[in-house]
Amino acid sequence: MLATLVQGQGTRVGFYSRTCPRAESIVRSTVATHFKSNPAIAPGLLRMHFHDCFVRGCDASILIEGSNTEKTAPRNLGLKGYEVIDDAKTQLEAACPGIVSCADILALAALESVVLTSGRSWQVPTGRRDGRVSSASDTDNLPGFADPIDEQKQKFAAKGLNAQDLVTLVGGHTIGTTECQFFDYRLYNTTGNNGSDPTISASFLPQLQALCPQNGDRTKRVALDTNSANKFDASFFRNLRKGRGILESDQKLWTDTSTRTFVQRFLVLEAWLR
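Computed from a prediction, not measured in an experiment: that's the story for all the values here. (Residues numbered from 1 in each chain as written. Predicted model: local features only at pLDDT ≥ 70, side-chain atom pairs only at ≥ 80, totals over all residues. Heavy atoms only, no water.)

## A few points about the overall build of the protein
Item 1. Helix and strand content of the protein: 10 helices and two strands.
Item 2. Reading the protein from its N end, one meets helices and strands in the order α-α-α-α-α-α-β-α-β-α-α-α.
Item 3. The globule rule puts the C-alpha radius of gyration for 274 residues at 19 Å, and the 19 Å found for the protein is close to it.
Item 4. The buried share of the protein, reckoned over its 274 residues, is 51%.
Item 5. Partitioning the intrachain contacts of the protein with sequence separation of at least 6 by distance along the chain shows that 71% fall at a separation of at least 24.
Item 6. In the protein, 31 side chains carry a positive charge and 28 a negative one; their mean positions are 6 Å apart. (Helix = DSSP H or I, 4+ residues; strand = E, 2+ residues; numbered from the N terminus. Rg over C-alpha atoms; globule rule 2.2 N^0.38 Å. Buried < 20%, exposed > 50% of the residue type's maximum accessible area, 1.4 Å probe, protein only. Contact = heavy atoms within 4.5 Å. Lys, Arg positive; Asp, Glu negative; His and termini not counted. Charge placed at Lys NZ, Arg CZ, Asp CG, Glu CD.)

## Looking at the side chain of Gln251
Item 1. Summarising the element assignment, Gln251 is placed in helix H9 (residues 248–255).
Item 2. Looking at Gln251, the relative accessible area reads 3%, which means it is buried.
Item 3. Looking at Gln251, its side chain comes within polar contact range of the main-chain nitrogen of Gly245, at 2.8 Å.
Item 4. Ignoring anything within four residues of it in the chain, the contact list for Gln251 reads Arg186, Thr199, Asn239, Leu240, Gly243, Arg244 and Gly245. (Polar contact = N/O pair within 3.5 Å; in protein donor to acceptor, adjacent residues only side chain to side chain.)

## Here we look at the UniProt feature "binding site: heme b" (unreviewed entry) in the protein
Item 1. In this structure's numbering, the residues bearing the UniProt feature "binding site: heme b" (unreviewed entry) are His173.
Item 2. Take His173: it is sitting in the loop between helix H6 (163–170) and strand E1 (177–179).
Item 3. With residues near it in sequence (within four places) discarded, His173 still touches Leu224, Asp225, Phe236, Leu247 and Asp250. (UniProt positions renumbered as here; feature names shortened; annotations may be inferred.)

## Digging into the nonpolar core
Item 1. In terms of nonpolar packing, the biggest core is built from 31 residues, with Met48, Leu63, Ile85 and Leu92 touching the most fellow members.
Item 2. Taken together, the elements giving at least two residues each to this core come down to helix H1 (23–37), helix H2 (41–56), helix H3 (82–95) and helix H4 (102–116).
Item 3. Ranked by residues supplied to this core, first place goes to H4 with eight residues.
Item 4. In this structure Met48 touches Ile62, Leu63, Leu79, Lys80, Gly81, Tyr82, Ile85 and Leu106, once residues within four positions along its chain are discounted.
Item 5. Counting residues in each nonpolar core, the second largest holds 20 residues, with Val170, Phe236, Phe237 and Leu240 among its members. (Core = buried A, V, L, I, M, F, W, Y, C linked by side-chain atoms within 4.5 Å.)

## As for the UniProt feature "binding site: Ca(2+) 2" (unreviewed entry) in the protein
Item 1. As annotated by UniProt and renumbered to match this structure, "binding site: Ca(2+) 2" (unreviewed entry) occupies Thr174, Asp225 and Asp233. Considering the C-alpha atoms alone, the annotated residues occupy 60 residues of sequence yet fold into one spot, their largest mutual distance being 9.6 Å.
Item 2. By secondary structure assignment, the location of Thr174 is in the loop between H6 and E1.
Item 3. Overall, Thr174 belongs to the buried group, its relative accessible area being 0%.
Item 4. Those residues in contact with Thr174, other than ones at most four positions away along the chain, are Asp225, Ser228, Ala229, Lys231, Phe232, Asp233 and Phe236.
Item 5. Using a relative accessible area of 0% as the deciding quantity, one classes Asp225 as buried.
Item 6. Apart from the residues lying within four places of it in its own chain, the contact partners of Asp225 are His173, Thr174, Asp233, Ser235, Phe236 and Asn239.

## With respect to the packing of H1 against H3
Item 1. Interaxial distance between H1 and H3 falls to 9 Å at its minimum, and their mutual angle equals 145°. Read as a crossing pair, H1 and H3 show a hand that is right-handed. Contact residues: H1 offers Ala23, Ile26, Val27, Thr30, Val31 and His34, while H3 offers Glu83, Val84, Asp87, Ala88, Gln91, Leu92 and Ala95.
Item 2. Residue composition of the contact of H1 with H3, by class: eight nonpolar, three polar and two charged. (Axes fitted to C-alpha atoms, helices over the stretch in contact; angles between N-to-C directions. Left-handed = near helix turned anticlockwise from the far one by under 90°. Nonpolar A, V, L, I, M, F, W, Y, C, P; charged D, E, K, R; others polar.)

## Here's the deal with the pattern of salt bridges
Item 1. For the coordinates displayed, the defined rule picks out 12 salt bridges.
Item 2. For Asp147, the salt bridge goes to Lys155, with nearest N and O atoms at 2.8 Å.
Item 3. Classification of Lys155 as buried rests on a relative accessible area of 11%.
Item 4. Lys155 is the partner of Glu151 in a salt bridge, and the nearest nitrogen-oxygen pair spans 3.5 Å. Here Glu151 and its partner Lys155 are both found in helix H5 (residues 149–157), four residues apart, which amounts to about one turn of the helix.
Item 5. Each member of the salt-bridge network shares a partner with another, and the members are Asp147, Glu151 and Lys155. (Salt bridge = Lys/Arg side-chain N within 4 Å of Asp/Glu carboxyl O.)

Here it is, written out as structure tokens:
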């Protein structure tokens, strides 16, 4: 789906087959090396690619340094994996100076992040051009953890993406973690049952409250996909069905009838593939 955000840059599979034939293998080995010492870079790189593509297309503008750039925007301050991209770029410049774009490195790194966490592989079209413009204000259209479902749909529609694309891409939350501060408001002092968000499963609520106690450390990290945070699978969607979504925006994919349809389809497809 992220390929649709490339904005017609003339990408194709095997773009570097003649000019830098080792490009993909260099990125693959670099990501694998970093992953061995820190598996958290997988969700970090996947998220970085998404945050890059959702602003100005997949142009690596997220990597541009400077004040008031995308990199400095509040919604991007938690991004991880820049050192992996830097490492891959250094190796590629040594092998093929001035050939491989940073935008393609990001796309290839996202692929390897999925594969390394037991997800399926795919062919990545390459040939993206690096952008030269990066503005923090452009990140205002990034999806937020508390966005109403209609707002989520609107943000994706503005990029030419529909409700199925929304569910597919948010499914990337099958790997990785988030901080308590981004969802603990759902656990206390709301109008739901026992002062919690009523869309949270009653049996799951005590577990979340134990992980993120009231007035506790709000920077503590919690898996976005309970019991399967390091594996790219359909567990994330099963958890939504059970009322075990961590972020409010994630759980709304199940409570909204139009997006629930696509969640259910993924679950049916998973059962069929088993």
